[in-house]
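Topology and contacts: notes
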Amino acid sequence: MDLIIRRAVLPPSAAQPNVFVDIGIEGGRIAAVEPTLAATAREEIDANGSLVTPPFVDAHFHMDATLSYGLPRVNMSGTLLEGIALWGELKPHLTQEALVARALQYCDWAVARGLLAIRTHVDVCDERLLAVEALLEVKRRVAPYMDLQLVAFPQDGLLRSADAFDNLKRAIAMGVDVVGGIPHFERTMADGAESVRLLCEFAAGKGLRVDMHCDESDDPMSRHIETLAAQTHRLGMQGRVTGSHLTSMHSMDNYYVSKLLLLMREAGVAAIANPLINITLQGRSDTYPKRRGMTRVPEMMAAGIDVAFGHDCVMDPWYSLGSGDMLEVAHMGLHVAQMTGIDAMHACFDAVTANAARILGLERYGIEPGCDANLVVLDARDAVEAIRLRAARLAVVSRGKVVSRAPAARAQLSLEGRPAEVDFKLHRG
Ligand code: FE2
């Protein structure tokens, strides 16, 4: 074989503690998963009881803006609206070379974090479609090691911004994969609903997936997700449509939400929360008590709706922090949603792995014979420990090849009568 990872623990590890397996890889695919693999390989990795998972998947990102922090200035207030204004100031100065360079640098960080599939929105409200061309180039360049999926995103509003729909159609014709939208940013609720109808009909006609920024607002009356679910149902697009953010749901009336969740479930509409961004951008006009703003994640999961967590932003006009670490995203999502029960914590891990992979429609994702050999060896014994420690990615395997290695997090102590080293894991006895 090409590569064997020995003594791996697979998720969900809570169900099978201390069951080690060997993972055999050949020709870019997983060839065998067995307790003890008799085969030999050109290269072997001893996981030594560490968690080995399929790669992290970011279901919601903005790669055209990433790593632009400080260009042409920083977001002084840290608000969503100043971020949108700042992006408008930056757009005329974008160059394709700089955009490609920043995106590739981010992809390097992502690979090192075991993040091997990203759905990124790309702003199409620009006659030149410069960002679209740049990210299509990035998609080609990273294809040997990363799955990049592009969403045509009319940032300034489909109906509110001149030529936005034409630009979006041009972007799709150029090879962008998914149809985006931003109904809550249109001039009126009616325009928002109309934009959802137009975009869903366009996507249905082309056989494309839909992923809209939807109801990223504190306004409980922002109910475009209802229209999105209804259009999905009407057009027979079940399983192919996603609502991103959905923060207004946090502020909605409970009785209305009880109806809404059933509509979403019926339509097979998935949801993506963006914990780092939602907790910082929502509730900004509140005094106290201050709303958290993140959508109703555990309630949607309990209703049978697919929910993923996205990173959304890293060092851009909206968010100054981040490094492509989906465990940091899961960590924040877990806290904001108060998902501290054991099953809920595992569900937060799924929200940055398997659930996100389903939303992107990734095929052959997982650790079973026949799956693509994309894997991460984490310096953790289970998913909860991985989230708690934002565990080091000891090895990242893409298409059967080791593409990144990192040391374990350890500290050397110099204390009388105390251990010489700590690894931040709980050791008993
Ligand atoms: Fe976004």
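What you see is a predicted model, and the numbers here were worked out from it, not measured in a lab.

Side note on the sheet that holds strand β15 (residues 393–398)
Ordered by their spatial adjacency, four strands build an open sheet running β5-β14-β15-β16, and the pairing between neighbours is antiparallel. The open sheet has two edge strands with one neighbour each: β5 (52–53) and β16 (401–405). Here β5 runs beside strand β14 (residues 375–378); their pairing, made up of two bridges, is antiparallel. Bridged to Thr-53 within β14 is Val-376.

Structural notes on the layout of surface pockets
As a volume, the largest pocket reaches approximately 520 Å³. As for the largest pocket, its lining consists of 31 residues, of which Leu-80, Leu-81, Ile-84, His-184 and Glu-216 are closest to the centre. Where the lining of the largest pocket is concerned, the elements lending two or more residues are α1 (80–90) and α8 (275–281). Counting residues per element, the lining of the largest pocket draws most heavily on α1, which supplies three residues. Each pocket or cavity is described by its volume, and for the second largest pocket that value is around 400 Å³. Forming the boundary of the second largest pocket are 18 residues, of which Pro-11, Pro-54, Ala-354, Tyr-365 and Gly-366 lie nearest the centre. Secondary structure elements with two or more residues in the lining of the second largest pocket: α11 (342–350) and α12 (354–360). Looking at the lining of the second largest pocket, its residues break down into 11 nonpolar, four polar and three charged.

Quick notes on the domain arrangement of the protein chain
In terms of domains, the protein chain is made up of domain 1 (3–54 + 366–412) and domain 2 (56–360). A C-alpha centroid distance of 30 Å is found between domain 1 and domain 2. On the domain 2 side, the residues contacting the 21 residues of domain 1 number 24 residues. In this assembly, domain 1 packs against domain 2 so that about 1700 Å² is buried in total across both faces, 68% of it on carbon and sulfur atoms. When the area that domain 1 buries against domain 2 is broken down by residue, the three leading residues are Ile-387, Arg-393 and Arg-399, summing to 37%. Applying the counting criterion to the domain 1 and domain 2 interface returns two salt bridges. Between Asp-147 and Arg-399 there is a salt bridge whose closest N-O contact spans 3.4 Å. Of all the secondary-structure elements, those providing two or more residues to the side of domain 1 that touches domain 2 are β14, α13 (383–389), β15 and β16. Across the side of domain 1 that touches domain 2, the residue classes break down as 13 nonpolar, four polar and four charged.

Observations concerning the nonpolar core
Grouped together as the largest cluster of nonpolar side chains are 108 residues, with contacts concentrated most on Met-63, Val-138, Leu-168 and Met-264. Counting only domains with at least three residues in this core, you end up with domain 1 (3–54 + 366–412) and domain 2 (56–360). Among residues more than four places away in sequence, those in contact with Met-264 are Ile-225, Ala-229, Leu-246, Met-249, Val-269, Ala-271, Met-300 and Ile-305. Leu-10, Ala-47, Cys-371 and Leu-375 belong to the second largest nonpolar core, which has 18 residues in total.

What about the packing of helix α6 (residues 224–234) against helix α7 (residues 254–267)?
Where α6 meets α7, the axes come as close as 9 Å, and the angle between the chain directions of the two elements is 30°. When the axis of α6 is compared with that of α7, the two are roughly parallel. Considering only the axes of α6 and α7, their crossing is left-handed. Across from Ile-225, Glu-226, Ala-229, Thr-232 and His-233 in α6, the residues of α7 making contact are Tyr-256, Lys-259, Leu-260, Leu-263, Met-264, Glu-266 and Ala-267. Class assignment of the residues belonging to the contact of α6 with α7 gives a composition of seven nonpolar, two polar and three charged.

Side note on the UniProt feature "domain: Amidohydrolase" (unreviewed entry) in the protein chain
Here the UniProt-annotated "domain: Amidohydrolase" (unreviewed entry) positions come out as residues 43–403. With 39% helix and 17% strand, residues 43–403 has its two end C-alpha atoms placed 13 Å apart.

Observations concerning the pattern of salt bridges
A pair can form between side chains of opposite charge whenever their charged atoms are brought close. Inspection of every chain in the model, using the stated rule, returns 28 salt bridges. In this structure, Asp-156 and Lys-91 form a salt bridge, with 3.3 Å as the shortest nitrogen-oxygen distance. With Asp-156 in the loop between β8 (147–153) and α4 (164–174) and Lys-91 in the loop between α1 and α2 (96–112), this residue pair connects regions lying 65 residues apart in the sequence. Overall, Asp-156 belongs to the partly exposed group, its relative accessible area being 26%. Among the residues examined, Lys-91 registers a relative accessible area of 11% and is labelled buried. Ionic contacts of the salt-bridge type, sharing partners, join the residues Glu-194, Arg-197, Glu-201 and Arg-234 into one network.

A short note on the side chain of Asp-64
The topology assignment puts Asp-64 in the loop between β6 (56–61) and α1. Lys-91 provides the closest opposite charge to the buried, salt-bridge-free Asp-64, at an N-O distance of 7.8 Å. Dropping the residues within four chain positions of it, Asp-64 is found in contact with Trp-87, Leu-99, His-121, Val-122, Asp-123, Ala-131 and Leu-135.

A word on empty space enclosed by the protein
Enumeration over the complete set of coordinates arrives at one cavity of 30 Å³ or more. Looking at the largest cavity, its volume works out to about 40 Å³. Contributing to the lining of the largest cavity are Asp-64, Trp-87, Lys-91, Leu-94, Asp-123, Asp-126 and Ala-131. A class-by-class count of the residues in the lining of the largest cavity yields three nonpolar, no polar and four charged.

Reading guide: rules and limits
- Residues numbered from 1 in each chain as written.
- Predicted model: local features only at pLDDT ≥ 70, side-chain atom pairs only at ≥ 80, totals over all residues.
- Heavy atoms only, no water.
- Pairing = 2+ DSSP bridges.
- Helix = DSSP H or I, 4+ residues; strand = E, 2+ residues; numbered from the N terminus.
- 1 Å grid on protein atoms, 1.4 Å probe; cavity = no way out; pocket = protein on both sides within 12 Å on 5 of 7 lines; lining within 4 Å.
- Points joined across faces, edges and corners; volume = space filled by probe spheres on them.
- Nonpolar A, V, L, I, M, F, W, Y, C, P; charged D, E, K, R; others polar.
- Domains from an automatic or database assignment.
- Contact = heavy atoms within 4.5 Å.
- Buried area = accessible area lost by both parts, 1.4 Å probe.
- Salt bridge = Lys/Arg side-chain N within 4 Å of Asp/Glu carboxyl O.
- Core = buried A, V, L, I, M, F, W, Y, C linked by side-chain atoms within 4.5 Å.
- Buried < 20%, exposed > 50% of the residue type's maximum accessible area, 1.4 Å probe, protein only.
- Axes fitted to C-alpha atoms, helices over the stretch in contact; angles between N-to-C directions.
- Parallel < 35°, antiparallel > 145°, perpendicular 65-115°, else oblique.
- Left-handed = near helix turned anticlockwise from the far one by under 90°.
- UniProt positions renumbered as here; feature names shortened; annotations may be inferred.
- Lys, Arg positive; Asp, Glu negative; His and termini not counted.

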